[in-house]
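Notes for the structure review
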Amino acid sequence: MSVDGVSSVQGFKVVGLKFKEESKGIHQLLWKQHSVRTFNAAKPVERTLFVVNVPPYCTKEAFKRLFSVYGKVVDVFFHKKPSSGPPQVAKYPHFSLIPPIQGFKVAYVVFSHPSAIKKTLSVPPSTVLVLSTKEHPVLTGVQKWHQEYNEQFVKNAKLSEEIKALIEEYDKKRAEERAAAQQEPDDEGWVTVTSVKKKKPQLEKVDELKKKKKKKKKHQLIWHSSVRSSKRTRRE
Amino acid sequence: MKSRIQDLETEGDGNGNEVPSLEDEMASGGEDEGVDNDEEDGEEDEGDEDEDGNDDDDGISDQDEETDQSNKRKLVDQGGKKAKSAKVEGKDGGLYRPPTMDELNALRETQTLYHSNLFRLQMDEVLAEVSMKDKHRQQLDQWLVQLSAFLKSLPASSEYQLNNTKWMEEKGVCNPIVKSMPEARGTFLFAPPTNVEFVGSFVSSTTTTRNTTVDVMITLPKECVHAADWRNGRWLVKRTKYLAWLAVDLQEKTELVAGLNWTTHLGRTVRPVLQVTPSGGVGKKWKVNLFPVPPLQSFKATRFSPERSNLQPEWFFNKDEFKGKEHPPTPQYNWACAVDVVMPVHLSLIHNVVSQHLNLAQGIKLIKIWLSQRGLDKGEGCFSGHMVTLFVIHLLQTRKINPQMSAYQVFRNVVFALSSVDWTVKGPSMCSSPPDDGPSLEVIHCLYDVVFMDPSGVVNMASTLISADYLRVKHEAELALSFLDSSASDSFESIFIKKVERFQFSDQLLSIRLQEKDARQALEQRTAKYQEHTMDTMGDVRRLVWSSIIKTLGEGLGDRTLLLVPMRESPSVWPISQSPLKLQWSLVVGLVLNPTSSWALLTKGPPADDPEVEKFKTFWGEKCSLRRFQDGSFHEAVLWGEPKLSMGERRLIPGNICKYLLNRHYKVTEKNLHCIDKQLERILHHPHFGMDYEYATGEEATVSFIQAYDSLSGKLRSLDLPLKVAAVQSTSEVSRHTRVYPPLPKALQMSGRIVEACDDHLQFSGLAGLSRSFNYAMDIIVFLEISGKWPDDLEAIQAIKTEFQGKMCDLLKQDGVTAVLFPKFLQILWEGHFFRVRVCYLREIYLQRLVETPEGDWREQETRAATYLEKQIEIIPRYTTALASIQADHPSFSGGVRLCKRWVGSQLLLPHLPHIAVELLVAYLYLSPAPYMPPHTPHVAFLRFLHLLVHTDWKTTPFLVNLNEAFTVEDIAELNRRFISQRSSLPHMFLATPYELRAVSNTESSADLDRRYKLASTWTKNSPSVQITYRCKQLAEAALGHLNTTLLCNNVNTKMIFRPSPEDYDVSIRLKVKQLSRCEESFDQTSCTAMHITPYECSPDEIMPIVMFDAAHLYLKELRETFSHLALFFHDEHGGQFIGVIWKPQALEPQELKVGSLEGHQLVGVKTVKQVPNIEAILDDFRTMGAGLICRIIVKNK
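Nothing here was measured: the structure is a model prediction, and the numbers come from that model.

A count of helical and extended segments in chain B gives 39 helices and 33 strands. For chain B, with 1198 residues in total, the buried portion stands at 43%.

When you go through chain A residue by residue, the secondary structure sums to 5 helices and 7 strands. Along chain A, helices and strands appear, N-terminal first, in the series β-β-β-β-α-β-β-α-β-α-α-α. Taking all 236 residues of chain A together, the buried fraction comes to 25%. Contacts in chain A between residues at least 24 apart in sequence constitute 64% of all its contacts with a sequence separation of at least 6.

This part takes up the UniProt feature "domain: Nrap protein" (unreviewed entry) in chain B. Residue and element names in this part refer to chain B. Sequence positions flagged by UniProt for "domain: Nrap protein" (unreviewed entry) are, in local numbering, residues 214-355, 360-499, 507-667, 693-887, 890-1060 and 1063-1193. Annotated as 37% helix and 25% strand, the span residues 507-667 places its first and last C-alpha atoms 25 Å apart. Its end C-alpha atoms 30 Å apart, residues 890-1060 is made of 49% helix and 2% strand.

Here helix 7 (residues 117-130) of chain B is 14 residues long and its end C-alpha atoms lie 20 Å apart, about the 20 Å a rise of 1.5 Å per residue gives. Restricting attention to buried positions, one finds in helix 7 of chain B the residues B:Asn117, B:Leu118, B:Phe119, B:Arg120, B:Leu121, B:Gln122, B:Met123 and B:Val126.

Turning our eyes to something else, we now look at the packing of helix 21 (residues 516-526) of chain B against helix 23 (residues 542-557) of chain B. All names here are of chain B. One way to put it is that helix 21 packs onto helix 23 with a least axis distance of 10 Å and a crossing angle of 65 degrees. Every pair of crossing elements has a handedness; the one defined by helix 21 and helix 23 is left-handed. Residues Ala519, Leu523 and Arg526 of helix 21 lie in contact with helix 23, whose contacting residues are Leu544, Val545 and Ser548. Split by residue class, the contact of helix 21 with helix 23 holds 4 nonpolar, 1 polar and 1 charged.

Okay, the sheet that holds strand 27 (residues 1067-1071) of chain B next. Residue and element names in this part refer to chain B. The 4 strands are arranged 28-29-27-33 in an open sheet whose pairing can be described as antiparallel. Each edge of the sheet is formed by a strand with only one pairing partner; in this case those strands are strand 28 (1127-1131) and strand 33 (1190-1195). On average, adjacent strands in this sheet sit at an angle of 20 degrees to one another, irrespective of strand direction. Relative to strand 33, strand 27 is paired through 5 bridges, and the arrangement is antiparallel. Of the residues in strand 33, the one forming a bridge with Ile1069 is Ile1193. Together, strand 27, strand 28 and strand 29 (1138-1143) form the strand contacts of helix 37 (residues 1111-1123), whose direction differs from that of strand 28 by roughly 165 degrees.

Tallying the contact residues gives 60 residues for chain B and 60 residues for chain A. Among the elements of the structure, strand 18 (761-764), helix 28 (794-814), helix 29 (843-849), helix 37, strand 31 (1161-1164) and helix 39 (1175-1185) of chain B are those that each provide at least two residues to the side of chain B that touches chain A. By residue class, the composition of the side of chain B that touches chain A is 29 nonpolar, 17 polar and 14 charged.

With that out of the way, let us pick up the confidence of the model for chain A. Here chain A averages 80 in pLDDT, and 77% of its residues register 70 or above. Low pLDDT, under 50, characterises residues 215-222 of chain A; the predicted model gives this stretch 0 contacts beyond four residues in sequence or across chains.

The subject of this paragraph is the packing of helix 23 of chain B against helix 26 (residues 653-666) of chain B. Residue and element names in this part refer to chain B. Close contact between helix 23 and helix 26 brings their axes to 10 Å; oriented N to C, the two are set at 130 degrees. Considered as vectors, helix 23 and helix 26 are oriented oblique to each other. The interaxial crossing formed by helix 23 with helix 26 has right-handed handedness. Where helix 23 approaches helix 26, its residues Ile549, Thr552, Leu553, Gly556 and Leu557 are matched on the opposing element by Pro654, Ile657, Cys658, Leu661, His665 and Tyr666.

To continue, consider the confidence of the model for chain B. All names here are of chain B. Residues of chain B with pLDDT of at least 70 account for 90%, and the chain-wide mean is 85. Confidence drops under a pLDDT of 50 for residues 1-92, and excluding neighbours within four residues, the segment shows 89 contacts in the predicted structure. Confidence metrics for the complex model read pTM 0.87 and ipTM 0.84.

Let us look at the UniProt feature "domain: RRM" (unreviewed entry) in chain A. On the UniProt side, "domain: RRM" (unreviewed entry) is annotated at positions that read residues 49-83 of chain A here. A distance of 13 Å separates the end C-alpha atoms of residues 49-83 of chain A, which is 23% helix and 37% strand.

Now for helix 16 (residues 407-420) of chain B. All names here are of chain B. Over its 14 residues, helix 16 extends 20 Å from the first C-alpha to the last, a length consistent with the 20 Å expected when each residue adds 1.5 Å. Counting buried positions along helix 16 gives 11 out of 14 residues, so the element sits mostly inside the fold. For helix 16, every residue scored as buried is listed here: Ala407, Tyr408, Gln409, Val410, Phe411, Arg412, Asn413, Val414, Val415, Phe416 and Leu418.

Attention now goes to the nonpolar core. As a rule of thumb, nonpolar side chains are buried together in soluble globular proteins. Of all hydrophobic cores here, the largest spans 276 residues; its most connected members are A:Val51, A:Val109, B:Leu290, B:Val392, B:Val922, B:Ala923 and B:Val961. Top contributing element to this core by residue count: helix 32 (residues 915-927) of chain B, with 11 residues. Excluding residues that lie within four positions of it along the chain, A:Val51 makes contacts with A:Leu29, A:Trp31, A:Val106, A:Ala107 and A:Val109. Counting 44 residues, the second largest nonpolar core, distinct from the first, contains B:Ala696, B:Trp830, B:Phe834 and B:Ile1106.

Residues and elements named next belong to chain B. Strand order in the open sheet formed by 4 strands is 9-11-8-15, with antiparallel pairing between adjacent strands. Here the strands that pair on one side only, and so sit at the sheet edges, are strand 9 (561-567) and strand 15 (673-676). Put simply, the sheet's adjacent strands are angled 15 degrees from each other on average, direction ignored. Here strand 9 runs beside strand 11 (residues 586-593); their pairing, made up of 6 bridges, is antiparallel. Its bridge partner being in strand 11, Leu564 is matched across the sheet by Leu591.

A separate point is unusual backbone geometry. All names here are of chain B. Geometrically, the link from Ala930 to Pro931 is a cis peptide bond, its omega value of 5 degrees lying close to zero. Inspection of the secondary structure puts Pro931 in the loop between helix 32 and helix 33 (938-951). Phi at Gln297 is positive, roughly 65 degrees, even though this residue is not glycine. With respect to the helices, strands and loops of the structure, Gln297 is situated in the loop between strand 7 (287-293) and helix 12 (313-317). Classification of Gln297 as exposed rests on a count of 8 C-beta atoms within 10 Å. Phi is positive for Asn964, which is not a glycine, with a value near 55 degrees. Looking at the secondary structure, you find Asn964 in the loop between strand 25 (959-960) and helix 34 (969-981).

Bringing the environment of B:His327 into the picture now. Residues and elements named next belong to chain B. The residue His327 is located in the loop between helix 12 and helix 13 (331-353) in this model. Separated by 183 residues in sequence, His327 and Leu510 place their C-alpha atoms 38 Å apart. With residues up to four places along the chain from it excluded, the contact list for His327 reads Ser309, Gln312 and Pro313.

In this section: the pairing of strand 6 (residues 268-278) of chain B. Residues and elements named next belong to chain B. Buried residues dominate strand 6, accounting for 9 of its 11 residues. Here 8 bridges tie strand 5 (residues 257-265) to strand 6, and the two strands are oriented antiparallel to one another. Considered in strand 6, the bridge of Thr263 is made with Val273. Between strand 5 and strand 6, which follow one another and run antiparallel, lie 2 residues, and Leu266 among them has a positive phi close to 55 degrees. The pairing of strand 6 with strand 7 spans 3 bridges and is antiparallel. When the sheet's bridge partners are listed, Gln275 is paired in strand 7 with Asn289.

Once that is clear, we can look at the environment of B:Val613. Residue and element names in this part refer to chain B. With respect to the helices and strands, the residue Val613 is situated in helix 24 (residues 613-620). Judged by C-beta crowding, with 17 C-beta atoms within 10 Å, Val613 ranks as partly exposed. Along the sequence, Val613 and Glu442 sit 171 residues apart, while their C-alpha atoms lie 29 Å from each other. Apart from the residues within four sequence positions on either side, Val613 is in contact with Pro606, Ala608 and Glu636.

Along the polypeptide, A:Ala165 turns up in helix 4 (residues 156-181). Expressed as a C-alpha distance, the spacing of A:Ala165 and A:Tyr92, which sit 73 residues apart in the sequence, is 8.8 Å.

What counts and how
- Residues numbered from 1 in each chain as written.
- Chains lettered and ligands numbered in written order.
- Predicted model: local features only at pLDDT ≥ 70, side-chain atom pairs only at ≥ 80, totals over all residues.
- Helix = DSSP H or I, 4+ residues; strand = E, 2+ residues; numbered from the N terminus.
- Buried ≥ 20, exposed ≤ 12 C-beta atoms within 10 Å, placed from the backbone.
- Contact = placed C-beta atoms within 7 Å.
- UniProt positions renumbered as here; feature names shortened; annotations may be inferred.
- Expected span 1.5 Å × (residues − 1).
- Axes fitted to C-alpha atoms, helices over the stretch in contact; angles between N-to-C directions.
- Left-handed = near helix turned anticlockwise from the far one by under 90°.
- Nonpolar A, V, L, I, M, F, W, Y, C, P; charged D, E, K, R; others polar.
- Pairing = 2+ DSSP bridges.
- pLDDT = per-residue confidence, 0-100.
- Parallel < 35°, antiparallel > 145°, perpendicular 65-115°, else oblique.
- Core = buried A, V, L, I, M, F, W, Y, C linked by C-beta atoms within 7 Å.

In structure tokens form, the structure reads like this:
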């Protein structure tokens, strides 16, 4: 199947992508120039290409290689949904809580020069890109899982270094916060109030509340039975 | 019927909840002792409510006031304010009009006379449904008038010899009487009957649609019956001949009769009955049985007193050797004749008593429904409807029941009477003044197994039952009482609606095929009065054989079984032109096991010096031997296996005992004996060798893993960490005893092409090769003692947790334990098992829930991460302990749940029906087993699980799995209420446990209540969908059907139901067997069976092997993450060799183009561009993503 018929839609250019040369199935990549009102240094509008329908196995390296034919690629960002800013980058990758991207995604390809964008937008209609080549294979399947398994192992020293750095940063932040909260009034008795983040509230202790309630219940029960027994004696 | 009742449930629920405690008191105190007592009890209970200074000392008037008050309360509750507003308007508008007097009375009656409001509604509905329609009643009445007129108009005949059957055969009517009966002498002549009328249930209006026959009594004229017809079977032959004569005449009378069949009375072959199908519409529903009876006074009832002898041995055996000897009593023969003699008497008794009291009739119907749902109302050894009616009358006469009682109370009292008196020891007698020369009850008990004497004191109504039959009824009565007394709201359904299936009732089954000759021989040896019995039953000794076999089995099994249930084939009905079916010499015995003692290895006999020893030795033969016991005594004993015997092997002991005894005493060979105990469990066997115990069904492997966990948990607690370890908990399936194939501590596989050593662990070398071992790791969570120094930043918490895990790792390594630290967990190799330890911090759940608002404030809300964490570290551990405690109470739980999981897995449904959901469903079967006992073997748990899948309407049934009975009454009411009001937003399969409910401070506020029930049924929230449950239902139906039909066959193939069919799927992705780590768990994998595995041994230089790596699992996960919007994926995690793919039908349709959610679609169309899934590219993606794992993809052509 080739990408016939539709070559552009809603301002998007339609380009084919197959995994390797002999693949029969061809996905359709849709791309256009990145256009948002908010400015972001990481994704300069004039040099960034916005690509949708990117299959999950596409890696940063493969994309860099793929698009380098149109011009020098500075960076490639992947997102699950379109976003104006750069993706969150975990400072401490092993303790990050940012979920990994699953399934089909969108990509932002940042070129070094705006002319590359023009090139990408003027590719012939039936262009088909090939992701994985003999020289630069993209790992999938068993090989990829093996690699992922091996990557789970982290040298202990590296891990403790990361922990140390993270905790130090956290302590510093806490100390700053505390300092900010305890600012002394200046000569005229004014206190500068900056936008200090509020402290996280404390957890309400349900257990204690429950205990209290239980006590109350017990109390009632005693009362019930005393009513009953007093009735009994009365009847007798 | 069921759906209608469920509708009712939803309707009646509102009322049902408000039933005051008073009537529960009445219901449970429903025995005959004093109504006054109940009232006092009621008063006491209500006492706390009338705190408004009610000083009335008179208990009774107080009580009245109470009821009035609660009536009022109820009305206010029901109608609410609107009742008042209706009054203001002064119009009696429909729903809100003030109650009428009748309604008030009904309400009051319900309060005092019924179990609960809902129970009453259900009962009325069921009774209305099973009762005979008035239309049919009238039609039958008219039909009988015509029949009577026709029969009375028949011409009389001349005399025939009794043994002459030519006249009937000429007319195409076959002689239905048993061949083993010798020819009777005497003459027979036909004369038109003097009376034709209905008897039994039709007269007392207690007929139910569960048994669609009505009885008609035909009184013979005097000239037909001779004075000496009581002797030597003449009356039995005569009544048969009379019926045959009627049959000859009736078969031409087509405007009256649509069909004629022979059948037997209560399964007794000596008493054939003519079954007539009336012509017209009524005949499609109802059949009429004709019973000829002798005219009054022709026989004296006492003639047939049980101890009398009415048969001459010299006639029966046709030998002279019996001449002059004393004739033995003939109790069975006497019963067979006397039933006809007393029929008119019973008719008038029933007519007088029952037809006057509607409640009694309704109560009798309830009992009949109850019996019929248990299959006890028909055929040989049944508890007949006639017996029920007489027993109710008996209870009425002995004042155990009074005529004012409601149908429910009648039922309850009858069931109570059945459960409290053993008819096999001291049966009831309706005869108030036994005849002077009549036998005493003791004598009667010697003659019959079960005794219930009719008013004449001559006929034993229960003479067709053997002891085991009655014990079954008694057992059911006890169960029914316990259901009624339990707080469960569905007691009605358990008693009257749910059908008791024989395969699901008994834990194990024994199918015995006897050779008639062997059986008779064995009987002759074992029973002293064999010949007398043969004569008494006219040669049909099967009843005696069953009774004797069950007695032998009972003696051999001892307290291993609670109950032995004989199950005979259903009563036979055959056309009049055919001879009776050949007698079946086969029997199915159901074993209901006693879980505490059924698996004992030893059958202990009497002490060596006891006189009983001889008896014991002859009973057991060469199997028994003298053994010394721990207390120093010597006993004869039989040993059934070595102490090391696995649980799976132990479960075969009862079957082995039965096989041995039947072979020894009845010469039943292996071929003719089929024991249903291990057929299904075999699937749990795992081909491991070289262990010091048999893997068998894996219970031992689970226990050994748990022991390893226990010792590791002790080790972790002893570590010297900055914060002490407060608790160690397991969240693994193994700790719940529910991992299908629990792993064994086996020698580590260190070599192989695909792995290489790296520091302290193995990792993949990047080379391709065989991947054939799967190491399972148990997940453990560790809580540390409380400290205020934890950071409140989520990332920092992760780092601290890892630091603790690292500390643990260092300390363990110092002690020589193999451990590897990962960023997210600590992996330990301990006693040959793998563990993954995670340190947990409870406050993290709360912190995950905090979301920053734009104003810089913090707000608490449900987040996915928080809920996930809550499930993992709060709910699952508690739930794991609860399931382990079920296992402690019911040793078969583990096997049962694993069998069910294996089945669900093998049908590729586990990706959609979560593990925990299956576990909870099986737990439900153990916690609410009604209408059965809890399962005692995995086999029966599995059958009931299939039955549950087939027969549950998920849409209308909430499943509240009351683990540890931790639900409060309010919880159950609230969950039911929410289930009804929020049905559409709740999961299709609603499975709630007490542990998903959160503790809240204020149960009054609705926000807090929402919080409390937010996670109810959290396990089935996303799946299964309606379609998946429907698929489950279909598959379960097929499996159950297969088992029900083939389970009793010798060569039943149970593996068949564990094989999936790849044809059902649009695409099937075949996987390379060599890459399947868990391939050894697949039972069809023959190449794995020879695998030899040596036990684990600790070595100083061991390193961590590859753990928890399953390529198929990773592949499935990736597929589901990428394509779940387009297709469903099915896979068997136990080494399944293909992944089934079904396209979602709606996803294949062309859709509006949405660039944002293109995800694998392609564009089509020229003018209006739409998107459709790019199937070819997706199929290629399947190949790409599973590179190295898949061997080919098969696409089904449409």
